[in-house]
2 protein chains.
Amino acid sequence: MQDSAERRPSFGKKFKYHHGALKPALLAAAEEILVTQGLENLSLRALARATGVTQAAPYSHFADKDELLAAVAEAGFQRLALQMADEATGQPDARGRIEKLIAAYIRFAVANDQLFCLMFGRELAEMKNYPTLAMTAGKSYALISAVLARRAGVDAEETRFQTLAIWSLCHGLAQLIMDERVEVGQFGAHDIDGFVRRAVGLFAAQLG
Amino acid sequence: MQDSAERRPSFGKKFKYHHGALKPALLAAAEEILVTQGLENLSLRALARATGVTQAAPYSHFADKDELLAAVAEAGFQRLALQMADEATGQPDARGRIEKLIAAYIRFAVANDQLFCLMFGRELAEMKNYPTLAMTAGKSYALISAVLARRAGVDAEETRFQTLAIWSLCHGLAQLIMDERVEVGQFGAHDIDGFVRRAVGLFAAQLG
DNA sequence: CCCTGCAACTGAACGATGCAAAGATTCGTC
DNA sequence: GACGAATCTTTGCATCGTTCAGTTGCAGGG
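Residues numbered from 1 in each chain as written. Chains lettered and ligands numbered in written order. Predicted model: local features only at pLDDT ≥ 70, side-chain atom pairs only at ≥ 80, totals over all residues. Heavy atoms only, no water.

(A) Examining helix H5 (residues 94-111) of chain A more closely. Here H5 of chain A is 18 residues long and its end C-alpha atoms lie 26 Å apart, about the 26 Å a rise of 1.5 Å per residue gives. Listed in full, the buried residues belonging to H5 of chain A are Ala94, Gly96, Ile98, Glu99, Leu101, Ile102, Ala103, Ala104, Tyr105, Ile106, Phe108 and Ala109 of chain A. (Helix = DSSP H or I, 4+ residues; strand = E, 2+ residues; numbered from the N terminus. Expected span 1.5 Å × (residues − 1). Buried < 20%, exposed > 50% of the residue type's maximum accessible area, 1.4 Å probe, protein only.)

(B) Inspection of the protein's contact with DNA strand D at higher detail. In the region of DNA strand D, 24 residues are neighbours, and Arg45, Asp64 and Lys65 of chain A together with Thr54 and His61 of chain B sit closest. For DNA strand D, the fraction of atoms within 4 Å of the protein that belong to sugar or phosphate moieties is 57%. Contacts to DNA strand D include Arg49 of chain A, whose side-chain N or O atom sits 2.9 Å from a phosphate oxygen. For the surface near DNA strand D, the element with the most residues is helix H3 (residues 44-51) of chain A, which contributes three residues. Residue composition of the surface near DNA strand D, grouped by class: nine nonpolar, 10 polar and five charged. (Near = heavy atom within 4 Å. Polar contact = N/O pair within 3.5 Å; in protein donor to acceptor, adjacent residues only side chain to side chain. Nonpolar A, V, L, I, M, F, W, Y, C, P; charged D, E, K, R; others polar.)

(C) The arrangement of the interface of chain B and chain A in detail. With 36 residues of chain B in contact, the opposing surface of chain A contributes 36 residues. Here chain B and chain A share six salt bridges between them. Residue Glu158 of chain B pairs with Arg198 of chain A through a salt bridge whose shortest N-O separation is 2.8 Å. Here chain B is connected to chain A by eight residue pairs in polar contact (both at pLDDT 80 or more). Top element by residues in the side of chain B that touches chain A is helix H8 (residues 156-178) of chain B. It accounts for 14 residues. Taken together, the residues of the side of chain B that touches chain A break down into 20 nonpolar, six polar and 10 charged. (Contact = heavy atoms within 4.5 Å. Salt bridge = Lys/Arg side-chain N within 4 Å of Asp/Glu carboxyl O.)

Function cannot be inferred from these measures alone, as they are strictly geometric.
Written out as structure tokens, the structure reads:
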């Protein structure tokens, strides 16, 4: 297979030395590799190969592999927050909203396990280096926090505690399911919503 | 610095071609590197360097890097279960035992964050390949599960639910603290025990 | 219209890593 | 003391992240 014919995706008109839209193409290819081959097989070189450019090309758009991963993760956080917000709309009371938010969170983790690994994994532990990432990552937490904070008659300190407790429960379950340390369905309800409803019920007294 | 003098730890009597106790030495060096330089800098080559052997020597004792990491993780799980059991002894009721178990778990995660990352990280996701690892890893869960199961008047299904809920809460909080997505002390009690006591209180009705 | 400057991309290279294969050395055992 | 097995060394390969000196194409000023 000759190089110029094989490695070039043959852009419509004529041979293009410049790719033109490499940055979004890289991000798209990254997500694709993530779901098809897993996070451990997502290398910059494989990414460049999939996009039809040289291995050094990504460095024109990302300073680092970490910066690229951070961008992918940020897109993930965006989608996560969106899905959570979507599911929670239309719920009349705080309890219903919390249930939907958590269920959406866990479903997202299960459905996009590799992406979730990247988002909450160790490779982006230095998230502080990417301020926009940190901001986007906080949205999901803010959704839960906001619901709890908007209640009357519950002081701020109690709200902080509940938010953290619910967030921990939610995040922990997602992790355990992903690591296959636990099987959804081992408890009676046989589904995520059942467990979530029951877990949120623990806070029922305060949720009204 | 000449090689034979520098790279060899100079075992008491005379120069030894065979290290003699490479396997435990590797495991010890691995934990050392883990705490001093982090999981991402724990390479087989660095390990061999630290132990004073050639880069291929570890392969006489471990088939794989994963097998080595699995052994380190297993030791970690052993210590974790031990610490949990230690703290829980002497507690009169189920609630006290659960509180101590969880607090010990979270303290372990905070104190040994890199090791915890390894134990619950993605690199050992294929834990099924290491049956003894899976068994040891289950001990901590079993500790909590046993306390809850030994109560009178609570059916098995409710016990399963509570175990999973508490386990999720516990694991999730540990993860969040480690990832620095949350600061212990943001809630009133200003310490782990305070939060744990309060969180376990959510199950108070059933814990008696 | 050409020229110049700049951003995007190439090609080649460096060092590090996990791992395999083959040879050297020591240990345990008959 | 000899021999086979276990341990360790040497050498080498493929891959990876990253850097760097060039090459290519575009846009704007003369």
